[in-house]
Amino acid sequence: MFKKILIANRGEIALRVIRTCKEMGIKTVAVYSTADRESLHVKFADEAVCIGPPPSKESYLNIPRIMAAIEITNADAVHPGYGFLSENEKFAEICLQHGVKFIGPTPDHLRKMGDKITAKETMIKAGVPVIPGSEGLLQNIDEAKKIAIETGYPVILKATAGGGGKGMRIVWDESEIQKAWESAKMEAQASFGNDGMYMEKYIEEPRHIEIQVAGDQYGNACHLSERDCSIQRRHQKLVEESPSPFMTKVLRKKMGEAAVKACTNIKYEGVGTIEFLVDKYRNFYFMEMNTRIQVEHTVTEEVINYDLIQEQIKIAAGIAISGKNYFPKLHAIECRINAEDPFQNFRPSPGKITNLHTPGGHGIRVDSHIYSGYTIPPNYDSMVAKLITVAQTREEAINKMHRALSEYVIEGVKTTIPFHIKLMENEQFKKGNFTTKFMDDFIY
Ligand code: MV4
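Calculation notes
Residues numbered from 1 in each chain as written. Predicted model: local features only at pLDDT ≥ 70, side-chain atom pairs only at ≥ 80, totals over all residues. Heavy atoms only, no water. Phe/Tyr/Trp six-rings, centres within 6.5 Å; stacked < 30°, edge-to-face > 60°. Helix = DSSP H or I, 4+ residues; strand = E, 2+ residues; numbered from the N terminus. Buried < 20%, exposed > 50% of the residue type's maximum accessible area, 1.4 Å probe, protein only. Near = heavy atom within 4 Å. Polar contact = N/O pair within 3.5 Å; in protein donor to acceptor, adjacent residues only side chain to side chain.

Visitor: How should I be thinking about the packing of aromatic side chains in this particular structure?
Guide: Working definition: an aromatic ring pair is given by the centre-to-centre distance plus the angle between the planes. According to the stated counting rule, one finds 16 aromatic pairs in the structure shown. Here phenylalanine 343 and tyrosine 444 contribute two aromatic rings whose centre-to-centre distance is 6.1 Å and whose plane-to-plane angle is 55°, an arrangement assigned as tilted. Note that phenylalanine 343 is positioned in the loop between β15 (340-341) and β16 (347-348) and tyrosine 444 in the segment after α15 (438-441), a separation of 101 residues in sequence. By relative accessible area, which is 52% here, phenylalanine 343 ends up exposed. Note on tyrosine 444: relative accessible area 31%, which makes it partly exposed. In this structure an aromatic cluster arises from ring pairing among Phe343, Phe346, Phe419, Phe429, Phe434, Phe438, Phe442 and Tyr444.

Okay, here's the thing in structure tokens:
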């Protein structure tokens, strides 16, 4: 087992990893930028190394500086968390070359799943349902028009180097395809330096349901139930829950088996998530595979009583997984609390926290790095806490969430707490009647 793990991340996820390391008797090293000198993950770690000024490129994304921190502290493994370098194949490769264990999949897995076309081709080979559309990259507009007619409008153009909604264009009919093609390619080239585009049938009003998976170095793989992440605003998840209110026992079995097949097929090592789009007929289609721990891993941990960070560390240390699948025993909901003003178009609201009261009681979990007197820096993403409730039923979990949100006091900055309170009171949400379109029409 590792003696010392460096956490190449910040905020609540760095704290999350440090906590599990401590429980496993593993020493921890925090890295921080000068903007994070007073952050909690720095205080909780056994050692801390300043790796540069606030811009991520000069700190949390700076591979030479992180490698230097690993060298001087003699860490034998690195946990990348999510975001930053967590799916960076070059970083994983450099760790491999330096004899430092990257706690995650291999560089090859990262490469394969990082390119949307290759990921799709991999899933087709594994027999996982994918969205009908172009075989690979579209060579030109004429091929795009031809495939669109074969597929049937509406279609969606997607950047192969894209993700999270960037470089996507919905095309309702042939009259729109020329402009969509040109603007999507331009955006993709500007955003990712790669204007490769592919096409899919546009699935109208889908749900985003993802399956947590785990695989080890011996070819074992399992699924650890699903999460419904359909409540999103501009491709930013706001609320996640497990199990999905749209799921049935049959669908869960089919999606779980497809997810495990995908892992087995690529000999996946580590914890990961396979994202599916689910249409109103309960057909499910592969969307993307995330090769990292996710923000919303918490709701899975709560419904199957499992420590996914511990699982990541054990898999990286060469410990075999049991291989048995897990099914939700409870119902958990997570609200992402952001330092943003929901009444000013979710505008970021960094600043000093002058007063903090965190909710508690039965079935409440708060994963957060903030404390009274802490100043939220403007340099990084605005999530300051994840509030999770878990109960026997969805209705109880919602009531518990509403009660916990009403207790949560964060003064000195604006937060999305009032938005979440309104969401928990919304009839459609309470009935589980929502798709990825929910936020388009939600008035709060
Ligand atoms: C789609 C889709 C409908 N049909 N693909 C959004 C980001 C990226 N994960 C892919 N996304 C979508 N791809 C087809 N063929 C609808 C979306 C989509 C979406 C998906 C999941 C969660 C939220 C979403 C919000 C808008 C669009």
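Visitor: Help me understand the site of the ligand in this model?
Guide: Around the ligand, the surrounding shell holds 17 residues, and the nearest of these are Lys158, Glu200, Lys201, Ile203 and Glu288. Measuring from a nitrogen atom of the ligand, one finds a backbone N or O atom of lysine 201 at 2.8 Å. Here glutamate 288 contributes a side-chain N or O atom positioned 3.0 Å from a nitrogen atom of the ligand. Every element with two or more residues in the shell around the ligand is listed here: β6 (155-163), β8 (197-201) and β13 (284-290).

Visitor: Help me understand helix α11 (residues 308-316), please; the structure alone is not making it clear to me.
Guide: Side chains of residues three or four places apart in an α-helix project in the same direction, reflecting 3.6 residues per turn. Most of α11 is tucked away, with seven of its nine residues classed as buried. Along α11, the residues classified as buried are Leu308, Ile309, Glu311, Gln312, Ile313, Ile315 and Ala316.

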